[in-house]
Amino acid sequence: MKRLCLYNSLFFFYLSISVSLPLSLSFSAELILLKHKWAWTKAKMSLALSLLTVFLRVSLADLKVGFYSNTCPQAESIIRRVVSGAALSDPNLPAILLRLHFHDCFVEGCDGSILVNNGAISEKNAFGHEGVRGFEIVEAAKAELESACPGVVSCSDIVALAARDAISLANGPAYEVPTGRRDGRVSNMSLPKDMPEISDSIQILKAKFMQKGLNAKELVLLSAAHSIGTTACFFMTKRLYDFLPGGQPDPTINPVFLPELTTRCPQNGDVNVRVPMDRISERLFDKQILLNIKDGFAVLQTDAGLYEDVATRRVVDSYLGMLNPFFGATFESDFVKAIVKMGKIGVKTGSKGEIRQVCSAFN
């Protein structure tokens, strides 16, 4: 019976394509055409299966929230505890760990390459990473994780999770971090040459972020991370005393703010003195930094530049309107999307990279 149904199905299939054929075609010609149609159908099915296989491989290798839920369920709580304990003795730790995450992701992707200490050529020695800290916190978390779950949690995931916990400690938004990164096997001080620099114009900044797949909106949001932390007078010298010919300061600095900056960072003074990047709420993660930028109270030249470009100015203003808290996405929710996206730059997953035993050295 099944065989008869199959014959009937084939007959009706053949009949359906033969009705449209010219009557002059021979039966053998029709069979040849039928074979070609069948071959084309099989080819399409084969292609579809191949694409499905590729998709599944990519999906299985992608980051996901709760990646360690089975292999090391206590991983995130261990990292949170280490970060919280360290923050008790260093109130600037949230800004330090957030900056470490940013610098790691912008070189070779988020793969922990900045953590490696392989001598004079180490990536961490590059000028673009000047002042980056927090390595010992990541190493402390790694040591505890190796005791609990040897060879499971990557250093690059520790960096991403520690940044998330640091933001939370600074009263910033809580969010989930997709994990599953593996650690890179390359660390060289020549690689950070494309890091955003303090003297970059807004056009250069936009281009550097675009190279990493980040748009103008995400440039503003990630720059707003300067809501917490400090910077050294070293990075202010040119802006205050040599920005225009004749030793004139940056004219975008609010006249009320200029004396405050020159008092903190006097000409020929100690360039290591630290200045809050947000003069109002330096230890609270909020959008006050955006209002500072709009009103000429930005400490960094790159932050001030966000209000000189039409696209980035529009983004800054979008979070400062009176109706923003009630309509549309909030600054906090958009920041979370931006930093999660940044955390996926150039990640190594699946069989790529390695899981280091210690974060400062390759296996």
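Residues numbered from 1 in each chain as written. Predicted model: local features only at pLDDT ≥ 70, side-chain atom pairs only at ≥ 80, totals over all residues. Heavy atoms only, no water.

The protein chain carries the name Peroxidase in an unreviewed UniProt entry, which gives Camelina sativa as its organism. What UniProt states about the protein chain under its Catalytic activity (unreviewed entry) heading is, verbatim, "2 a phenolic donor + H2O2 = 2 a phenolic radical donor + 2 H2O". The protein chain has a UniProt comment under Function (unreviewed entry) that states "Removal of H(2)O(2), oxidation of toxic reductants, biosynthesis and degradation of lignin, suberization, auxin catabolism, response to environmental stresses such as wounding, pathogen attack and oxidative stress." (UniProt positions renumbered as here; feature names shortened; annotations may be inferred.)

## What about unusual backbone geometry?
Of note in this structure, Glu-108 is not a glycine but carries a positive phi near 65°. With respect to the helices and strands, Glu-108 occurs in the loop between helix 4 (93-105) and helix 5 (135-148). At Asn-268, a residue that is not glycine, the phi angle is positive and equals roughly 65°. Assignment of secondary structure puts Asn-268 in the loop between helix 10 (258-264) and strand 2 (274-276). Look at Asn-268 and you get exposed, because its relative accessible area is 79%. (Helix = DSSP H or I, 4+ residues; strand = E, 2+ residues; numbered from the N terminus. Buried < 20%, exposed > 50% of the residue type's maximum accessible area, 1.4 Å probe, protein only.)

## Quick look at the pattern of salt bridges
Applying the stated criterion across every chain yields a total of 15 salt bridges. For Glu-76, the salt bridge is made with Arg-164, and the minimal N-O distance between the two is 2.9 Å. Placement of the pair is Glu-76 in helix 3 (residues 75-87) and Arg-164 in helix 6 (residues 155-169), with a sequence separation of 88 residues. The pair formed by Glu-76 and Arg-164 is uniform in burial state, with each residue classed as buried. As a salt-bridge pair, Asp-317 and Lys-294 come within 4.0 Å of each other at their nearest N and O atoms. One end of the pair, Asp-317, is in helix 13 (residues 310-318); the other, Lys-294, is in helix 11 (residues 288-295), and 23 residues separate them in sequence. Here the salt bridges share partners, and the residues they tie into one network are Glu-76, Arg-80, Arg-164 and Asp-165. (Salt bridge = Lys/Arg side-chain N within 4 Å of Asp/Glu carboxyl O.)

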